[in-house]
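Architecture at a glance
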Amino acid sequence: MHRIEWEKRNNHKGSIIWLTGLSGSGKTTLACEAERELAKREIRCVVIDGDRLRQGLNQDLGFAEEDRMENMRRAMEVAVMFLEKGFVVLVPMISPYESFRNYIRQQFQPNDYAEIYVKCSLETCEQRDPKGLYSKARAGEIKDFTGIDSPYELPMLSDMIIDTDQYPIEDSVRALVTFIESRINKIKMQ
């Protein structure tokens, strides 16, 4: 079946929602909670988690700039497969480079892609440090860690900013789900 047939069957348009931000900003938590809420509304969705990709499909990649870009490119290709089946695809990845985020955006029609900046201060991310990565990076055990000894370039073209420093997860999820529904409802299949 073609994408339009899948979207008719799903009764909604597909879209890629790319969540970018520092490690510990809440990208994956936000994506997983949004996925749960969207599923309750019978919206077919999937989370393509950057950490899971690193453990499997992308385990051959390191953290040099070219490896990070290849990591994002592969995530994009996986997302496209779900988009072609009419899914809402949530992709939480650090995605540290503005130029490559823009490259990814350019691969899609405007209605098919949105970038969400999950804003959170480095201090808060380090306090949260759910995987202990910041402390390892500060101790020199991890090299090229984004925000410590590798840059995170702030997004200039985000379609939405969710400030997880300022708002609790419930409010952040509600805002994201509302944003997604407005995108897929604007172009909802009849």
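As a reminder, the structure under discussion sits directly above these lines.
Residues numbered from 1 in each chain as written. Predicted model: local features only at pLDDT ≥ 70, side-chain atom pairs only at ≥ 80, totals over all residues. Heavy atoms only, no water.

This part is about the overall build of the protein. In terms of helices and strands, the protein carries 8 helices and 5 strands. Shown N-terminal to C-terminal, the secondary structure of the protein runs as helices and strands in the order α-β-α-β-α-α-β-α-β-α-α-β-α. Rg of the C-alpha trace for the protein: 16 Å, near the compact-globule value of 16 Å for 190 residues, within the 12% margin. Structurally, the protein occupies a C-alpha span of about 55 × 35 × 30 Å along its principal axes. (Helix = DSSP H or I, 4+ residues; strand = E, 2+ residues; numbered from the N terminus. Rg over C-alpha atoms; globule rule 2.2 N^0.38 Å.)

This brings us to the packing of helix H4 (residues 65-83) against helix H5 (residues 98-106). In the contact formed by H4 and H5, the axes pass within 11 Å of each other and the chain directions differ by 20°. By the angle class used here, H4 and H5 are roughly parallel. Note that H4 runs across H5; the crossing there is right-handed. Of the residues in H5, those touching H4 at Met 69, Met 72, Arg 73 and Met 76 are Phe 100, Arg 101, Tyr 103 and Ile 104. Classifying every residue of the contact of H4 with H5 by side-chain character gives 6 nonpolar, no polar and 2 charged. (Axes fitted to C-alpha atoms, helices over the stretch in contact; angles between N-to-C directions. Parallel < 35°, antiparallel > 145°, perpendicular 65-115°, else oblique. Left-handed = near helix turned anticlockwise from the far one by under 90°. Contact = heavy atoms within 4.5 Å. Nonpolar A, V, L, I, M, F, W, Y, C, P; charged D, E, K, R; others polar.)

Right, let's talk about unusual backbone geometry for a bit. Of note in the backbone geometry, Glu 42 takes a positive phi value of approximately 60° without being a glycine. We classify Glu 42 as exposed; its relative accessible area is 67%. We note that Asp 144 has phi near 60°; this positive angle belongs to a residue other than glycine. Within the secondary structure, Asp 144 sits in the loop between helix H7 (133-138) and strand E5 (160-163). (Buried < 20%, exposed > 50% of the residue type's maximum accessible area, 1.4 Å probe, protein only.)

Strand order in the open sheet formed by 5 strands is E2-E3-E1-E4-E5, and the pairing between neighbours is parallel. Edge strands, defined here as strands with exactly one partner in the open sheet, are strand E2 (45-47) and E5. Shown here is a sheet whose adjacent strand axes are inclined to one another by a mean of 20°, direction ignored. Where strand E4 (residues 113-119) meets E5, 4 bridges bridge the pair, whose relative direction is parallel. Paired with Lys 119 across the two strands is Asp 163, which belongs to E5. Strands in contact with helix H2 (residues 27-40) are strand E1 (15-20), E2, strand E3 (88-92), E4 and E5; relative to E3, the strand with the most contacts, it is inclined by about 165°. Where H5 meets the sheet, its contacts fall on E1 and E4, and the angle it forms with E4 comes to roughly 150°. (Pairing = 2+ DSSP bridges.)

Looking now at H2. Over its 14 residues, H2 runs 20 Å from end to end, which matches the ideal 20 Å to within 8%, given 1.5 Å per residue. Positive backbone phi, approximately 60°, marks Glu 42, located one or two places after H2. (Expected span 1.5 Å × (residues − 1).)

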